[in-house]
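# Report on the structure
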Amino acid sequence: MSDQAHAPTSRAKPPPPGEEEASAVLRLGEFDDVDTLTLSEASLVINALMAKRRKDRKDRNETDVLNKTLEYLDAFARFKQKENVEAVERLLSAHKELTKFERAQIGSLCCDSADECKTLIPSLTDKIGDEDLQELLDEMAKLMTA
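So, how was this worked out
Residues numbered from 1 in each chain as written. Predicted model: local features only at pLDDT ≥ 70, side-chain atom pairs only at ≥ 80, totals over all residues. Heavy atoms only, no water. UniProt positions renumbered as here; feature names shortened; annotations may be inferred. Axes fitted to C-alpha atoms, helices over the stretch in contact; angles between N-to-C directions. Helix = DSSP H or I, 4+ residues; strand = E, 2+ residues; numbered from the N terminus. Parallel < 35°, antiparallel > 145°, perpendicular 65-115°, else oblique. Left-handed = near helix turned anticlockwise from the far one by under 90°. Contact = heavy atoms within 4.5 Å. Nonpolar A, V, L, I, M, F, W, Y, C, P; charged D, E, K, R; others polar. Phe/Tyr/Trp six-rings, centres within 6.5 Å; stacked < 30°, edge-to-face > 60°. Buried < 20%, exposed > 50% of the residue type's maximum accessible area, 1.4 Å probe, protein only. Expected span 1.5 Å × (residues − 1).

The name an unreviewed UniProt entry assigns to the protein chain is HRDC-like protein, from the organism Schizothecium vesticola. UniProt lists a comment for the protein chain under the heading Subcellular location (unreviewed entry), and it reads "Nucleus". Database annotation for the protein chain, UniProt heading Sequence similarities (unreviewed entry): "Belongs to the eukaryotic RPB4 RNA polymerase subunit family."

Structure (structure tokens):
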């Protein structure tokens, strides 16, 4: 019998699901650094896809879940015009100190104040000052009414 170590025969076990956490420290697991959409961006993408499918007469895949998702996005997406959605994305992308997840959360929640934003997204606390965050929120608010 040999004392040689054999190579493992299986892959490392992935962390158990549900370990993700969006608190003061982001633990997004496999979703860390994944491109993230705001609700407004998701609405634009899905509506454009559905319009193309209808045009191409490929609308067989309109499920109840898809329709309910569209209803949700229509109700909660804060920016309805494509130009405003793109402008918000540019504003958010300028803040490289924030993760993609944090930027998407800011763009979806559209808080009134920096304090409210940091309460709802605790990982922002040490990443961006209140004045800078408030300026960003104010610029976004202008685009909601445009």
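From this point, the discussion proceeds with the structure in view.
How two helices sit against one another is set out by the angle between their axes and by the gap between those axes. In the contact formed by helix α1 (residues 39-55) and helix α2 (residues 64-76), the axes pass within 9 Å of each other and the chain directions differ by 135°. As summarised for this structure, α1 and α2 are arranged oblique, according to the angle between their axes. For α1 against α2, the interelement crossing comes out left-handed. Listed contacts from α2 to L39, A42, S43, I46, N47 and M50 of α1 are L66, T69, L70, Y72, L73, D74 and F76. For the contact of α1 with α2, the residue count by class is 9 nonpolar, 3 polar and 1 charged.

Evaluated as defined, the whole model comprises 1 aromatic pair. Geometrically, the ring pair formed by Y72 and F76 is tilted, given 4.8 Å between the ring centres and 45° between the ring planes. Here Y72 pairs with F76, and both are found in helix α2, just 4 residues apart, close to one helical turn. Accessibility expressed as a relative area gives 44% for F76, which makes it partly exposed.

Looking now at α1. Taking 1.5 Å of rise per residue, the 17 residues of α1 would be expected to cover 24 Å, and the 24 Å separating its terminal C-alpha atoms lies within 8% of that figure. Tucked inside the fold, the buried residues of α1 contact α2 and α3 (82-93). Just downstream of α1 lies R57, where phi reads positive at about 55°.

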